[in-house]
Amino acid sequence: ANVVQVRTGPVLGDAVCELADAFEAHRQGMRVVTNATCPLCLMPLRQTEPAAFDVVVSIGSPDMDRMVHTGLIDPDSVTDIGGTRLALVVRRGSEADVTRVEDLAAPTIRSVLLGDPSNVSVGHYAEQALRAAGVWDPVKGKVTGCRTGCEVLKTLVLGDADAGFVYEFCLTSKTDASLELACLVPSGSHDPIRVLLGITRGGAASAAGAFRDFVLGDEGSQILRRYGLKQEPEDGSSDEAPEGTGG
């Protein structure tokens, strides 16, 4: 069987696994092996070693840009397959009154969770939004770094912070009931958050290309849409809270 090795981060793991299963069902003799155990920002990149995978699926451009820069990913292969929004989340019933990014500068807000802006894509976009709102300076001293958006949610559930930034698609009906959406961050306040697929140099190019084509097709797009990952570029018309997370 032709095997496609697909690498992604934990936050995209469920969606990529479903894409892999659907692809295998349509392409007899093709097998997809997915690995979503480690955030891409923590993955060591060694340009001198052959890649152990053929396809990378990332959310946001920082991780993909890093892999292109080190020569791991063929820049001509990078494809936009979807997108999402940046969300600001608080604990339900919190005394902290947060309905917009600017509110994080208030003295009553003691701790704000976001990924390390220099290394974690969700933190990169959160810093851009805070700077655009003119509150990065008063907020940066309150920031507690997290490795992923999932870690932000877990830390908020424990009550160890007042607010945190995550990707909108992370908020589902399965999100802990103690959390709620404060607001969707204005999409114009940060770079577009796109879901990107890239193919490694020297990988199984033909099989990887077939997987990419499936993801871009009708069934692949339906799967991404079901996970909240199919927002088109510059789409910011809806500020509705995802099901199960509204105020």
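For the structure itself, consult the block above.
Just so it is clear, the model here is predicted, and its values are computed rather than measured.

Novice: An account of the sheet that holds strand S5 (residues 86–91) is needed here, citing residue identities and associated values.
Specialist: Overall, mixed pairing links the five strands, which are arranged S7-S6-S8-S5-S9 in an open sheet. Looking along the sheet, the strands with just one partner apiece sit at the ends: strand S7 (143–146) and strand S9 (179–184). Averaged over all adjacent pairs, the angle separating strand axes in this sheet is 35 degrees, with direction ignored. Sheet analysis places S5 next to S9, joined by five bridges and oriented antiparallel. Pairing of Val-90 across the sheet is with Glu-180, part of S9. Sheet contacts for helix H3 (residues 121–132): S5, strand S6 (112–115) and strand S8 (163–167); angle to S8, the most-contacted strand, approximately 120 degrees. In this fold helix H5 (residues 149–157) packs onto S5, S6, S7, S8 and S9, with an angle of close to 150 degrees to the strand it touches most, S8.

Novice: Can you explain the sheet that holds strand S10 (residues 194–199)? Please cite residues and give values.
Specialist: Strand order across the open sheet formed by five strands is S2-S1-S3-S10-S4, with mixed pairing between neighbours. A single partner strand is all that each edge strand has here, and the edge strands are strand S2 (30–35) and strand S4 (79–83). Across the sheet, the mean angle from the axis of one strand to that of its neighbour is 25 degrees, orientation sign disregarded. Sheet analysis places strand S3 (residues 55–59) next to S10, joined by five bridges and oriented antiparallel. Looking across to S10, one finds that Val-56 is bridged to Gly-198. Each of S3 and S10 is contacted by helix H2 (residues 61–69), which is oriented at about 145 degrees to S3, the strand it contacts most.

Novice: Lay out the environment of Asp-176 in plain terms, naming residues and giving numbers.
Specialist: Its place among the elements puts Asp-176 in the loop between S8 and S9. A relative accessible area of 36% places Asp-176 in the partly exposed class. Between the C-alpha atoms of Asp-176 and Leu-156, which are 20 residues apart in sequence, the distance is 9.7 Å.

The rules we used
Residues numbered from 1 in each chain as written. Predicted model: local features only at pLDDT ≥ 70, side-chain atom pairs only at ≥ 80, totals over all residues. Heavy atoms only, no water. Pairing = 2+ DSSP bridges. Helix = DSSP H or I, 4+ residues; strand = E, 2+ residues; numbered from the N terminus. Axes fitted to C-alpha atoms, helices over the stretch in contact; angles between N-to-C directions. Contact = heavy atoms within 4.5 Å. Buried < 20%, exposed > 50% of the residue type's maximum accessible area, 1.4 Å probe, protein only.

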